[in-house]
Amino acid sequence: MKQSETQTVYSGIGGYEKIEQIVDTFYGHVEQNPILRPLFPDDFTETRHKQKLFLTQFFGGPRLYEAERGHPMLRRRHLPFPITPSARDAWLSCMHLALVENQIEDPYYTEMMERLTLTANHMMNTPES
Ligand code: HEM
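Criteria and cut-off values
- Residues numbered from 1 in each chain as written.
- Predicted model: local features only at pLDDT ≥ 70, side-chain atom pairs only at ≥ 80, totals over all residues.
- Heavy atoms only, no water.
- Helix = DSSP H or I, 4+ residues; strand = E, 2+ residues; numbered from the N terminus.
- Buried < 20%, exposed > 50% of the residue type's maximum accessible area, 1.4 Å probe, protein only.
- Contact = heavy atoms within 4.5 Å.
- Areas by Shrake-Rupley, 256 points an atom, 1.4 Å probe, with all protein chains shown as cover.
- Lys, Arg positive; Asp, Glu negative; His and termini not counted.
- Charge placed at Lys NZ, Arg CZ, Asp CG, Glu CD.
- Salt bridge = Lys/Arg side-chain N within 4 Å of Asp/Glu carboxyl O.
- Core = buried A, V, L, I, M, F, W, Y, C linked by side-chain atoms within 4.5 Å.
- Near = heavy atom within 4 Å.
- Polar contact = N/O pair within 3.5 Å; in protein donor to acceptor, adjacent residues only side chain to side chain.
- 1 Å grid on protein atoms, 1.4 Å probe; cavity = no way out; pocket = protein on both sides within 12 Å on 5 of 7 lines; lining within 4 Å.
- Sits in = over half its atoms within 2 Å of the grid points.
- Nonpolar A, V, L, I, M, F, W, Y, C, P; charged D, E, K, R; others polar.
- Axes fitted to C-alpha atoms, helices over the stretch in contact; angles between N-to-C directions.
- Parallel < 35°, antiparallel > 145°, perpendicular 65-115°, else oblique.
- Left-handed = near helix turned anticlockwise from the far one by under 90°.

Draft legend 1. Local environment of the overall build of the chain. Counting its secondary structure elements, the chain contains eight helices and zero strands. Counting from the amino terminus, helix and strand elements in the chain follow one another as α-α-α-α-α-α-α-α. Burial analysis of the chain (129 residues in total) assigns 36% to the buried set. Pairs at least 24 residues apart make up 67% of the contacts formed inside the chain by residues separated by at least 6 positions. For the chain, the exposed surface amounts to about 7500 Å²; the carbon and sulfur share of it is 54%. Averaging the coordinates of the 13 positive side-chain charges in the chain and doing the same for the 17 negative ones gives two points 7 Å apart.

Okay, here's the thing in structure tokens:
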């Protein structure tokens with residue numbers, strides 16, 4: 001088998017260190033975003049930690065999130081927050097910036113954005129007000 005058929009996105013982009021950089025950059029943008037900021041806690045420390053565990057397993061790395069927090073049940077965990085189409089768009093645009101600023105290029109950029117977009121669509125739970 002060719003290496004491209006066996007390698008995960010996680011290892012292809014540079015493993016946990018790269019996931020950490022992406023997540024830290026991402027929440028830096030979320031913190032500045034007027035639609036997203038009010039949805040999140042004042043302190044992003046725990047949020048960053050949970051997202052690092054989650055994206056590690058989401059992109060084919062070790063199942064760190066499950067080991068610490070159990071089944072993701074992501075839609076259920078997002079129900080307390082009103083996630084509108086604009087919040088989804090804002091979330092994805094912060095993630096786009098985080099990937100670009102951390103030099104994630106194709107094929108990884110496209111694959112990551114496609115998978116994140118599917119999940120973000122699934123998180124929407126509130127119509128636009
Ligand atoms: C669509 C827009 C989204 C919004 C507005 C949003 C917002 C939030 C908020 C407010 C929290 C709670 C923060 C906390 O408890 O510290 C959260 C948690 C989380 N989000 Fe999102 N989210 C979105 C999409 C996504 C997507 C696409 C993913 C995964 C690819 C994701 C993964 C997570 C994870 C893993 C947690 C932590 C859950 C836990 O263990 O408590 N979110 N999100």
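Draft legend 2. Here's a closer look at the pattern of salt bridges. For the coordinates displayed, the defined rule picks out four salt bridges. Among the charged side chains, a network of salt bridges with common partners joins Asp24, Arg48 and Lys52.

Draft legend 3. Fine view of the nonpolar core. Formed by 34 residues in total, the largest nonpolar core has its most connected members in Leu55, Phe59 and Met95. For this core, the secondary structure elements donating two or more residues are helix H2 (9-13), helix H3 (15-32), helix H4 (45-58), helix H7 (85-101) and helix H8 (108-123). It is H7 that contributes the most residues to this core, eight residues altogether. In this structure phenylalanine 59 touches Thr8, Val9, Tyr10, Ile19, Met112, Arg115 and Leu116, once residues within four positions along its chain are discounted.

Draft legend 4. Broad picture of the site of the ligand. Looking at the ligand, there are 21 residues lining it, with Thr47, Tyr65, Arg69, His78 and Trp91 nearest. Taking lysine 50, its side chain carries an N or O atom lying 3.2 Å from an oxygen atom of the ligand. Histidine 78 places a polar side-chain atom, nitrogen or oxygen, 2.8 Å from a nitrogen atom of the ligand. Spatially, the ligand is embedded in the largest pocket. Residue assignment for the shell around the ligand shows that the elements contributing at least two residues are H4, helix H5 (64-69), helix H6 (74-78), H7 and H8. In terms of residue class, the shell around the ligand is made up of 13 nonpolar, four polar and four charged.

Draft legend 5. Representation of the packing of H7 against H8 within the structure. It is the contact of H7 with H8, at a shortest axis distance of 10 Å, that shows an interaxial angle of 160°. For the element pair H7 / H8, the angle class is roughly antiparallel. H8 is crossed by H7, and the crossing has right-handed handedness. When H7 is examined against H8, the residues Arg88, Trp91, Leu92, Met95, His96, Leu99 and Val100 are found in contact with a partner set consisting of Tyr109, Met112, Met113, Leu116, Thr117, Ala120 and Asn121. The residue makeup of the contact of H7 with H8, split by class, is 10 nonpolar, three polar and one charged.

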